[in-house]
Protein chains: 2
Amino acid sequence: MKWWFGSPGKVSGLVLRMGQCLSAAASLALMASASGFSTATSFCKKNIVDSMGLQVLWSFGLACLDIHALRLKKDLHNHIFLSLLVVGDWVTAILSLAAACSSAGVMVLLMKDTDICRSHNLLSCNTFQISIALAFVAWFLLAISSYIMFWLLATI
Amino acid sequence: MKWWFGSPGKVSGLVLRMGQCLSAAASLALMASASGFSTATSFCKKNIVDSMGLQVLWSFGLACLDIHALRLKKDLHNHIFLSLLVVGDWVTAILSLAAACSSAGVMVLLMKDTDICRSHNLLSCNTFQISIALAFVAWFLLAISSYIMFWLLATI
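Fair warning: this is a prediction, and the values are worked out from it, not measured in the lab.

A. Region of interest: the nonpolar core. Among the nonpolar cores identified, the biggest contains 43 residues, and Val106 and Met107 of chain A together with Val106 and Met107 of chain B are the most heavily contacted of them. Broken down by secondary-structure element, the contributors of at least two residues to this core are α1 (11-33), α2 (39-72), α3 (79-113) and α5 (122-155) of chain A together with α1 (11-33), α2 (39-72), α3 (79-113) and α5 (122-155) of chain B. Not counting the four nearest positions on each side in its chain, Met107 of chain A is found in contact with Cys44, Cys125, Phe128 and Ile132 of chain A. Core analysis: the second largest hydrophobic core is formed by 34 residues, Leu76 and Trp151 of chain A together with Phe150 and Ala154 of chain B among them.

As structure tokens, then:
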């Protein structure tokens, strides 16, 4: 039984889950509050809101499980639980990356190749950009968790 | 020492690498041959051509290494080589997914939300779509390899 940094039921694991949850929630809140001004931004919005919503639910649920395990000193290292975490983490991570990348692609188009951002309120464009950057941070933190879970499952 | 499906220096590993190489090359060739008609498509083109070019080089190199190992019956399962494969596979896979997703985001915009595709030659739009679909296939095959390499490295 190995107790790696970030493994489930450990303080470092809880910190990682809280980081994922907070960055995804911040990205979601910013995107939801930004005013859409074209079909392009509504596409970005839908993508980011869906995938970050899923990530907030997933990471928050696992953070609660970590707190529960820490309080009762439970051991969460078993094959079935780790397999579930690996599948869930990877699916969520791939969806988050896909949403962040497709939105980033659309934003690059709006910011650089067309005049849409310049002709509209600049503030909204910046909010969109910050939200997408936060989505990348949320994905990166989730990717770290995914690797740790996969490594734990392989070496258990 | 475990000999998994798709591990380096095995026929299944060679088949997987050839599949990655061929699908990435097909995606690259289709994208390069499609005529761009707006800044949006030039963005798609650059993304896909760059990442698929990288993937063709990477997968072709490893396929050659597999052929070499198969002919000389060499064992490629050592820590340093597997670590290199894991890092390379993951970096290439993430770049491929990012390029495919950002291009897909832009294409959804062109196809559904605007009239750009309808007002131009439809053939080009279809070529772009097939190329992006092949990029997703190439990413999926590379992701399988990445998981196998990571698992081998963890259990070696």
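B. Spotlight on the relation of the copies chain B and chain A. Between chain B and chain A, the superposition needs a rotation of 180° and an axial shift of 0.0 Å, giving an RMSD of 0.0 Å. What we have between these two chains is a two-fold relation. When C-alpha distances to the rotation axis are compared across chain B, the minimum falls at Ser102 of chain B, with a value of 1.9 Å. A share of 100% of the interface residues of chain B reappears at the interface of chain A, consistent with the copies meeting face to face through the same patch.

C. Looking closely at the packing of aromatic side chains. Under the definition given, this model contains 10 aromatic pairs over all chains. Ring centres of Trp90 of chain A and Trp90 of chain B lie 5.1 Å apart, and the angle between their planes is 20°; on these two criteria the pair is classed as stacked. With Trp90 of chain A in helix α3 and Trp90 of chain B in helix α3, this pair bridges two chains. Trp90 of chain A sits in the buried class, given a relative accessible area of 10%. Here the aromatic cluster, defined as three or more aromatic residues joined through ring pairs, consists of Trp90, Tyr147, Phe150 and Trp151 of chain A together with Trp90, Tyr147, Phe150 and Trp151 of chain B.

D. Layout of the confidence of the model for chain A. Residue and element names in this part refer to chain A. Taken as a whole, chain A shows an average pLDDT of 88; of its residues, 96% reach a score of 70 or greater. At the low end of the mean pLDDT range in chain A sits helix α4 (residues 116-119), at 76; at the high end sits α1, at 94. On the interface metric, ipTM, the complex scores 0.84, and its pTM is 0.88.

E. Summary view of the environment of Ala154 of chain B. With respect to the helices, strands and loops of the structure, Ala154 of chain B is situated in helix α5. When the C-alpha positions of Ala154 of chain B and Leu82 of chain B are compared, they lie 9.8 Å apart, and in sequence the two are 72 residues distant. Residues in contact with Ala154 of chain B, not counting those within four places in the same chain, are Trp151, Ala154 and Thr155 of chain A.

F. Representation of the interface of chain B and chain A within the structure. If you look at the interface, chain B gives 21 residues, while chain A gives 21 residues. Carbon and sulfur atoms make up 84% of the area that chain B and chain A hide from each other, which totals about 2,100 Å². Ranking the residues of chain B by area buried against chain A places Tyr147, Phe150 and Trp151 of chain B at the top, with a combined share of 27%. Counting across the chain B and chain A interface gives 0 salt bridges. Linking chain B with chain A are 0 residue pairs in polar contact (both at pLDDT 80 or more), by the criterion used here.

G. A look at the UniProt feature "transmembrane region" (unreviewed entry) in chain A. All names here are of chain A. Per the UniProt entry, the sites bearing "transmembrane region" (unreviewed entry) are residues 82-110 and 130-154 in this numbering. Here residues 82-110 runs as 100% helix and 0% strand, with 41 Å between its end C-alpha atoms. Helix makes up 100% of residues 130-154 and strand 0%, whereas the separation of the span's terminal C-alpha atoms amounts to 36 Å.

H. Unusual backbone geometry, seen in detail. Residues and elements named next belong to chain A. Phi angles above zero are rare outside glycine, and Lys73 is one such case at about 50°. Note on placement: Lys73 falls in the loop between α2 and α3. We classify Lys73 as exposed; its relative accessible area is 74%.

The rules behind the values
Residues numbered from 1 in each chain as written. Chains lettered and ligands numbered in written order. Predicted model: local features only at pLDDT ≥ 70, side-chain atom pairs only at ≥ 80, totals over all residues. Heavy atoms only, no water. Core = buried A, V, L, I, M, F, W, Y, C linked by side-chain atoms within 4.5 Å. Buried < 20%, exposed > 50% of the residue type's maximum accessible area, 1.4 Å probe, protein only. Helix = DSSP H or I, 4+ residues; strand = E, 2+ residues; numbered from the N terminus. Contact = heavy atoms within 4.5 Å. Least-squares fit on C-alpha atoms with pLDDT ≥ 70 in both. Phe/Tyr/Trp six-rings, centres within 6.5 Å; stacked < 30°, edge-to-face > 60°. pLDDT = per-residue confidence, 0-100. Buried area = accessible area lost by both parts, 1.4 Å probe. Salt bridge = Lys/Arg side-chain N within 4 Å of Asp/Glu carboxyl O. Polar contact = N/O pair within 3.5 Å; in protein donor to acceptor, adjacent residues only side chain to side chain. UniProt positions renumbered as here; feature names shortened; annotations may be inferred.

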